[in-house]
Amino acid sequence: MKIGQALKVIDTGWIKKDKGYRVHYQRQTGNEVTTEYTPDLDDAPLDSDVAAWRTAWKLQQATQTENSEFGEGKMINIYVVNDQGEQVKYYKTNELKIYNKV
Amino acid sequence: MESEFVKLQRIGDIMSSHGRELAFALIFLIVGLYLSKFLTKYLRLGLSRITNNLNLISIISNSFYILFLLAVIMVASTQAGFKAQIVFRFLMVAGLAAVGILVLFRPYIPSLPYKVGNTIKVGDVLGKVEATTFLNTRIKTFDGLTVFIPNRQILDDIVINYHFTGTRRVKVDVGIGYDQDILKAKRIMEEIMLADPRVKKTPRPVVYTMDLEDSWVKLGGRAWVDNPKFWITRCDLIEKVKYRFDKENIRIAFPQLDIHHYELPESFDLAGEEIPA
């Protein structure tokens with residue numbers, strides 16, 4: 001096997017390189033719970049998971065209330081997803097993390 | 001004395017016969033100069049809303065300024081009584097001569113090693129070039145300062161232009177304790193760099209065991225990224241490496257000095273030499 005082929009095997013089998021990140025969250029609008037992303041799916045994703053996780057944390061900080069019940073305006077299930085919509089591990093703990101998990 | 005008087009008389013004659021035209025021409029010239037600067041400024045602002053290409057904006061607005069200025073000079077000259085055809089020919093000849101001289105002597109004219117919009121470092125000043133004139137260069141630093149540097153000084157100094165190459169190498173150097181697993185630390189660092197979308201696939205990111213320092217083993221991560229993303233990628237990679245090392249129980253070393261205390265027998269003095277009986 002040539003070194004180029006070996007590198008291809010390594011690239012496909014070892015570390016997956018995401019193309020971008022979005023913050024996933026859900027919120028109640030009327031009687032429905034809608035799933036939204038920031039940046040929007042129409043916009044370019046963030047290229048930094050650090051920035052994405054920081055945004056997720058800020059969203060949680062901005063929308064958390066003393067009342068723990070899920071209600072109008074409150075954001076739940078905030079986490080970071082990659083360009084494929086798959087949940088991304090939190091870089092600090094290397095584990096999956098969800099803010100305001102319901 | 002008489003000749004001076006004749007000269008003054010001649011000027012007086014000209015002013016009495018053509019004074020009105022000359023005054024109008026002067027007013028036209030002054031207003032035209034102000035107007036050309038004013039319009040160019042707004043053209044530049046308008047173009048900056050359409051495109052981010054600073055070079056294109058500069059070329060279009062400078063061309064407009066020169067053409068407008070030529071038109072003002074032509075109209076003012078004809079107002080002063082010169083024939084339009086002669087003024088036009090004179091301006092054409094002067095313009096062509098200027099272009100010819102520029103083309104001919106361009107290799108010998110020292111040029112600045114950057115363009116508007118480039119990020120450069122001159123001496124201790126790091127920032128983005130906002131404008132260049134014949135005399136100085138205006139740089140906006142990343143902390144918001146506007147610095148004017150004389151071009152003469154720039155031509156004599158070392159200039160780093162970060163736009164000449166599209167990519168730049170990020171260095172992530174970390175020191176780990178001597179009792180830590182080097183291979184595990186290298187694997188983690190390489191994984192973090194490979195997974196980052198901003199890190200280039202070629203040249204591939206690499207982690208080296210750089211040195212055996214006094215109290216730590218120095219690991220050096222090297223990855224290539226696009227120039228505009230250099231700084232933030234470096235900061236992110238350092239943060240990710242720190243947290244992952246904490247998570248994986250790899251101890252980042254800090255400067256330390258081990259002091260060993262030995263009990264010496266009483267027959268030895270402080271220098272460690274045996275005291276003769």
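Presented here is an overview of the structure given in this document. Note that this is a predicted model, so its numbers are computed, not measured.

Observations regarding the overall build of chain A
Next, step 1: When helices and strands are counted, chain A shows two helices and three strands.
Next, step 2: Along its sequence from the N terminus, chain A presents helices and strands in the succession α-β-β-α-β.
Next, step 3: For chain A, the proportion of its 102 residues judged to be buried stands at 24%.

Section: the sheet that holds strand β2 (residues 32-38) of chain A
Residue and element names in this part refer to chain A.
Next, step 1: Taken in spatial order, the three strands of this open sheet run β2-β1-β3, and their pairing is antiparallel. The two strands at the open ends of the sheet, each matched to only one other strand, are β2 and β3 (75-82). Strand after strand, the sheet turns through a mean of 25° between neighbouring axes, direction not considered.
Next, step 2: Contacts from helix α2 (residues 49-63) reach β1 (21-29), β2 and β3 within the one sheet, and its direction differs from that of β3 by about 175°.

Observations regarding the interface of chain B and chain A
Next, step 1: Each partner contributes residues to the interface: chain B has 12 residues there, and chain A has 13 residues.
Next, step 2: Elements supplying a minimum of two residues to the side of chain B that touches chain A: α5 (182-195) and α6 (230-247) of chain B.
Next, step 3: The residue inventory of the side of chain B that touches chain A, partitioned by class, reads five nonpolar, no polar and seven charged.

Quick word on the sheet that holds strand β6 (residues 167-176) of chain B
Residue and element names in this part refer to chain B.
Next, step 1: Pairing in this open sheet of three strands is antiparallel, and the strands run β6-β8-β7 from one edge to the other. With one partner strand each, in any of the chains shown, β6 and β7 (206-212) form the two edges of the open sheet. Here the strands of the sheet are splayed against their neighbours by 25° on average, with no regard to which way each runs.
Next, step 2: Sheet topology places β7 next to strand β8 (residues 217-226); six bridges connect them, and they run antiparallel.

Brief notes about unusual backbone geometry
All names here are of chain A.
Next, step 1: Here the bond from Thr 38 into Pro 39 is cis, since omega is -5°, no more than 30 degrees from zero.
Next, step 2: Along the chain, Pro 39 falls in the loop between β2 and α2.
Next, step 3: Positive phi outside glycine occurs at Asn 94, with the angle close to 60°.
Next, step 4: Here Asn 94 is to be found in the segment after β3.
Next, step 5: For Asn 100, which is not a glycine, the phi torsion comes out positive at approximately 50°.
Next, step 6: With respect to the secondary-structure elements, Asn 100 resides in the segment after β3.

Focus on the packing of α5 of chain B against α6 of chain B
All names here are of chain B.
Next, step 1: One way to put it is that α5 packs onto α6 with a least axis distance of 10 Å and a crossing angle of 140°. One way to sum up the angle between α5 and α6 is to call them oblique. Relative to α6, the crossing made by α5 is right-handed. Across from Ala 185, Ile 188, Met 189, Ile 192 and Met 193 in α5, the residues of α6 making contact are Leu 237, Lys 240, Val 241, Arg 244 and Phe 245.

Regarding the packing of helix α2 (residues 54-79) of chain B against helix α3 (residues 84-105) of chain B
Residues and elements named next belong to chain B.
Next, step 1: Contact pair α2 / α3: the axes reach a minimum separation of 9 Å and the direction vectors enclose 145°. Relative to α3, α2 is oriented so that their crossing is right-handed. Of the residues in α3, those in contact with Leu 70, Ile 73, Met 74, Ser 77 and Thr 78 of α2 are Ala 84, Val 87, Phe 88 and Leu 91.
Next, step 2: Partitioned by chemical class, the residues of the contact of α2 with α3 number seven nonpolar, two polar and no charged.

Thresholds applied
- Once a new chain begins, its residue numbering starts again from 1 and follows that chain's sequence as written.
- For naming, the first written chain is A and the first written ligand is 1, with later ones following in the order written.
- Per-residue local features are limited, in this predicted model, to residues with pLDDT of at least 70; the limit for side-chain atom pairs, both in listing and counting, is 80 or more; totals at the level of whole chains, interfaces and linings are taken over all residues.
- A helix here means a DSSP run of H or I that spans at least four residues, while a strand means a run of E at least two residues long, and both kinds are numbered starting from the N terminus.
- With C-beta atoms placed from the backbone, the exposure class of a residue follows from how many other C-beta atoms lie within 10 Å of its own: 20 or more, buried; 12 or fewer, exposed; in between, partly exposed.
- Paired strands, in this sense, are two strands between which DSSP finds at least two bridges.
- Interaxial angles span 0 to 180 degrees and are taken between N-to-C directions of axes, which are lines fitted to C-alpha atoms, for helices over the stretch in contact.
- Note that contacts rest on C-beta atoms placed from the backbone: two residues are in contact if these are within 7 Å.
- All amino acids are sorted into three groups, where Ala, Val, Leu, Ile, Met, Phe, Trp, Tyr, Cys and Pro are nonpolar, Asp, Glu, Lys and Arg are charged, and the leftover types, Gly among them, are polar.
- The labels follow the angle: roughly parallel below 35 degrees, roughly antiparallel above 145, roughly perpendicular from 65 to 115, and oblique for the rest.
- Should the near helix be turned counterclockwise from the far one by less than a right angle, the crossing is left-handed, whereas a clockwise turn marks it as right-handed.

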